[in-house]
Amino acid sequence: MERIFSKSTLREYWVKHPDTEQYLKTWYDTVMSSVWKTPNDVKKTYANASILKDSRIVFNIKGNDYRLIVKFNFDKQWAFIKFIGTHVEYDKIDANTI
């Protein structure tokens, strides 16, 4: 991926939730070094990721304690962070529209 919007969102989250820092940094580094053309390419790297409609993918962070929703533009190699929160917070939102 050429671009993640925005790393500061991840940084702000791990400052408030230090137990996520290394997991989010690893996710960021993995995405930045990957060239994914389809959601199935993402699944090859993150087998437990859930593919939603509209190029959205849900990642389990820290053993599924946290969830990260990212909308991808595979043509432009962009990733837009739509949500990060605990599993409980995730259960209260609509992952397809947030």
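Scroll up a little and you will see the structure.
Here's what I pulled together on the structure shown here. (Residues numbered from 1 in each chain as written. Predicted model: local features only at pLDDT ≥ 70, side-chain atom pairs only at ≥ 80, totals over all residues. Heavy atoms only, no water.)

As for the environment of N48
So the rule is basically this: Helical segments are the DSSP runs of H or I of at least four residues, strand segments are the runs of E of at least two, and each set is numbered from the N terminus. Contacts are assigned to residue pairs that have any heavy atoms within 4.5 Å of one another.
Locating N48 in the fold gives a position in the loop between α3 (39–45) and β2 (50–51). It is 7.1 Å that separates the C-alpha atoms of N48 and N60, two residues lying 12 residues apart in sequence. Excluding residues within four positions of it along the chain, N48 makes contact with K43 and N60.

Description of the pattern of salt bridges
Condition: By convention in these notes, a salt bridge is any Lys or Arg side-chain nitrogen within 4 Å of a carboxyl oxygen on Asp or Glu.
The final tally for this structure, using the stated rule, is five salt bridges. With a shortest N-O distance of 2.8 Å, D54 and K71 are connected by a salt bridge. Taken together, the residues span a long stretch of sequence, with D54 in the loop between β2 and β3 (56–61) and K71 in strand β4 (residues 66–73) at a distance of 17 residues. Across the salt bridge formed by K62 and D65, the nearest N and O atoms sit 3.5 Å from each other. One salt-bridge network, held together by shared partners, links D19, K62 and D65.

Points about the environment of W36
Using the following cut-off: N or O atoms closer than or at 3.5 Å make up a polar contact, with two conditions inside protein: a donor-capable atom paired with an acceptor-capable one, and, for residues adjacent in sequence, both atoms drawn from side chains.
Tracing the sequence through the fold places W36 in the loop between α2 (21–32) and α3. Separated by 31 residues in sequence, W36 and F5 have C-alpha atoms that sit 16 Å apart. Only 3.3 Å separates the side chain of W36 from the side chain of T45, close enough to count as a polar contact.

A short note on the sheet that holds β2
Note on sheets: strands pair through backbone hydrogen bonds, and any given pair is parallel or antiparallel. Our working definition: A pair of strands is considered paired only if DSSP assigns at least 2 bridges between the two. For helices, the fitted axis covers only the stretch in contact; all axes are lines through C-alpha atoms, and the angles between them, taken along N-to-C directions, range from 0 to 180 degrees.
Reading across from one edge, β1-β5-β4-β3-β2 is the order of the five strands in this open sheet, with mixed pairing throughout. A strand with exactly one partner marks an edge of an open sheet, and here the two such strands are β1 (3–5) and β2. Strand direction decides the pairing type here: β3 and β4, joined by six bridges, are antiparallel. Its bridge partner lying in β4, N60 is registered against R67. On top of the sheet, helix α1 (residues 7–16) reaches β1, β4 and β5 (78–86); it is set at about 15° to β5, its chief contact. The sheet contacts of α2 involve β1, β3, β4 and β5, and relative to β1 the element is tilted by about 140°.

Some words on the side chain of R67
Just so we agree on the cut-off: Working definition: with a 1.4 Å probe on protein chains only, accessible area under 20% of the residue-type maximum means buried, over 50% means exposed, and in between means partly exposed. In this tally Asp and Glu are treated as negative and Lys and Arg as positive; neither His nor the chain ends contributes.
On the secondary structure map, R67 appears in strand β4. No salt bridge forms around the buried R67; measuring N to O, its nearest opposite-charge neighbour D91 is 5.5 Å away. Side-chain polar atoms of R67 contact the side chain of H87, separated by 3.2 Å. Sequence-distant contacts of R67, that is, excluding residues within four places in its chain, are made with V58, F59, N60, F83, I84, G85, H87 and Y90.

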